[in-house]
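# Structural overview for review
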Amino acid sequence: MSISAPRYVSGPVVHVGRTTRALAIFRRELLRRATWGPLLAVALTWLVVVAAATFSVAFSSLTGFSAMSGFESPYESVAWILLILIVAATVGAGSLADDIGSRAITLYLSRPINLSDYLVAKAGATGTWLLIAAVGPGCVAVALTTALGYVSASTALAAVGAYFAVGIVTAVFFTGVTLVFSSVTRRSLYAGVATFGAVLSIGVSASVVSGITGNTQILYANPVTLTQTMAEAAFGVSSSSPLNPTTCAVVMVLVGVVLATLAWWRLARIEVVGE
Amino acid sequence: MTAVVDAEAVTKRYGEVLGLNGFSASFAEGITGLVGPNGAGKSTLFRLLAGQLKADQGRLTLLGQPAWGHGEFRHRVGYCPESPALFDWMTGNDLVTTLLRVDGFSRTEAAERSARAMTEVGLTQDGDRRVRVYSKGMRQRVKIAQCIAHDPELILLDEPLNGVDPVGRASLSALMRQLSSAGHHLIVSSHILYEVERLTDQIVMIANGQAIAQGDLHRIRDLIDSRPHVIDLETPDPRGLARALGAWDHVVSIEFVDAGRLRVMTRSPDTFYAALPGLVVTEGLTVRSVRSADDNLDAVFRYLSEGRR
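Residues numbered from 1 in each chain as written. Chains lettered and ligands numbered in written order. Predicted model: local features only at pLDDT ≥ 70, side-chain atom pairs only at ≥ 80, totals over all residues. Heavy atoms only, no water.

Ranked by size, the top nonpolar core spans 59 residues in total, and within it Tyr118(A), Leu267(A), Phe87(B) and Leu157(B) carry the most contacts. With near-sequence residues (within four places) excluded, Tyr118(A) lies in contact with Ile25(A), Ser95(A), Leu96(A), Asp99(A), Ile105(A), Tyr108(A), Leu109(A), Ile113(A) and Leu267(A). In this structure, Val91(A), Trp129(A), Ala134(A) and Leu226(A) belong to the second largest nonpolar core, which totals 47 residues. (Core = buried A, V, L, I, M, F, W, Y, C linked by side-chain atoms within 4.5 Å. Buried < 20%, exposed > 50% of the residue type's maximum accessible area, 1.4 Å probe, protein only. Contact = heavy atoms within 4.5 Å.)

To continue, consider the interface of chain B and chain A. It is common to give the size of an interface as the accessible area lost on bringing the parts into contact. With 50 residues of chain B at the interface, the matching set in chain A holds 36 residues. Surface buried jointly by chain B and chain A totals about 3900 Å² across both partners, of which 55% is contributed by carbon and sulfur atoms. For the pair chain B and chain A, the number of links is 2 salt bridges. Put simply, chain B and chain A have 4 residue pairs in polar contact (both at pLDDT 80 or more) between them. Counting residues per element, the side of chain B that touches chain A draws most heavily on helix H2 (residues 92–103) of chain B, at 6 residues. Taken together, the residues that form the side of chain B that touches chain A break down as 18 nonpolar, 16 polar and 16 charged. (Buried area = accessible area lost by both parts, 1.4 Å probe. Salt bridge = Lys/Arg side-chain N within 4 Å of Asp/Glu carboxyl O. Polar contact = N/O pair within 3.5 Å; in protein donor to acceptor, adjacent residues only side chain to side chain. Helix = DSSP H or I, 4+ residues; strand = E, 2+ residues; numbered from the N terminus. Nonpolar A, V, L, I, M, F, W, Y, C, P; charged D, E, K, R; others polar.)

In this section: helix H4 (residues 78–102) of chain A. Residues and elements named next belong to chain A. Counted at 1.5 Å a residue, the expected span for H4 with its 25 residues is 36 Å, and the 36 Å between its end C-alpha atoms agrees. Bending of H4 peaks at approximately 35° at the position of Gly-94. Once H4 ends, the next one or two residues include Arg-103, with phi positive near 65°. (Expected span 1.5 Å × (residues − 1). Bend = angle between axes of the 7 residues up to and from the residue.)

Right, let's talk about the confidence of the model for chain A for a bit. Residue and element names in this part refer to chain A. For chain A, mean pLDDT is 88; residues scoring 70 or higher make up 93% of the total. Per-element averaging of pLDDT across chain A places helix H5 (residues 105–109) at the bottom with 87 and helix H8 (residues 153–183) at the top with 95. Every residue in residues 1–6 scores below 50 in pLDDT, and together they form 5 contacts with partners more than four places removed in sequence or on other chains. (pLDDT = per-residue confidence, 0-100.)

With that settled, the discussion passes to the packing of helix H3 (residues 67–76) of chain A against H8(A). When two helices pack together, their arrangement is given by the angle between the helix axes and by the axis-to-axis distance. Residues and elements named next belong to chain A. H8 packs onto H3 with a crossing angle of 25° between their chain directions and a minimal axis gap of 10 Å. The orientation of H3 with respect to H8, classified from their angle, is roughly parallel. The two elements H3 and H8 meet at a crossing, and its hand is right-handed. Packed against H3, whose contacting residues are Ala-67, Met-68, Phe-71 and Tyr-75, the element H8 presents Thr-155, Ala-158, Ala-159, Tyr-163 and Val-166 at the interface. Tallied by class, residues from the contact of H3 with H8 come to 8 nonpolar, 1 polar and no charged. (Axes fitted to C-alpha atoms, helices over the stretch in contact; angles between N-to-C directions. Parallel < 35°, antiparallel > 145°, perpendicular 65-115°, else oblique. Left-handed = near helix turned anticlockwise from the far one by under 90°.)

Okay, structure coming up:
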């Protein structure tokens, strides 16, 4: 008879796929951000957009202007992009920074998922919050004005489509921006301030330089102009923007994707000496 | 025995700092203690094993798989990191359940396993409290719970008893022994040497990123013949005992520690222990206790570290 050391083998367990595993992180991240800061920022965005769009549409119907220009009116003000920026900064800044700072990221990454799964889940949660802020109030305004009889069903559908188009592109852009800043610091506050500061300073600088040099192509670096140009095209409103709306959308999506890839690259290189 | 973890000349650099420097060792089945001072490279090795870091050089395998990467075999590994950081906004139960979901368990299965693991680490009562209000010891326990909840073959515990109170230490040590008895393989790191000594005789000693010794603790001690063994003896007649022991050529020195105690240094502990009863009988001496003062991990580690300086 021979005696050998026991060798443990886990019992038969059916494991769900990678997508479902990543969804677990997504759900947690989504719930985690449901705190006062992000909720207030989203509520404020909803309030401003619903009020502005509803009143504009009501006013348009009385004055004979196109209802679509009323729906587009929130984008005409810098306030919209500022509110989305606040949502992005409060929701997305801590997305990676909190996990890196606390080193709790290792708890996720020692599981059978890879960095891309983790990042996609995190990006998905930030993007969902941004979509709620960017698309949600527009849809409410459309429902409200349709219920009040200011717009027809076809106009309402077209407006919802336009809100989705602009909202998705904006969400991709700001998700990429917040992810990259969140990946380079361990403090969410720094990431939030950097997101806010970078978008505003680049936007203002692009406008100033474009104004001085007369080169309108520089405006492609201004997120405010990009969003406004895109929104005007999506809602079919006549535009004074010198930029091509399709190019604006491509630039925003591309920047978002490139920045998210940079965040992935950065995360892959994080090594913590913790001894 | 089969090597659960095999490291061959593994080197890991953090810029100019060497985390591991040509580390080579084999970790056998059962419990293996990874022992070394802070900064020796223990956590670096654990992070390499957990797939968090990639070795710059060398070969590192666990359960026959390359350590780097996040393949499906990670189901078979449980990792309890040294860092006390957890997802503070979650409850203990939520934390373990979420990580089980990321492991790939269904919602129901994850909830059941989470409850079981929380019970095993003694956190049943506190499972619904947020982790942010947990004490350091409770945080350690919840880290261990998330590490064992998916029933892994290999369990990596980086300083698992840090910050745990004495009662908690005893129960967690018992849990580790229980897991080992059930056939799990455990690698447990610690810089508190007696903790490891109580868990296992099977150790790997690490210093400056290199394995300086591995195997059975007592055998390692025996191999260190450059240093004499220290033996404490309690006797009512220290002078008489010292006179008798002084005649043995393998006895290097005799020290009178206090009125009833002698400290003897010998180059041949086996000969000493074998001959002592005969000496006591023939010389008519009384010896109340005999204790090896340095056949412990601390002493072994100290000797080995000194030898490498």
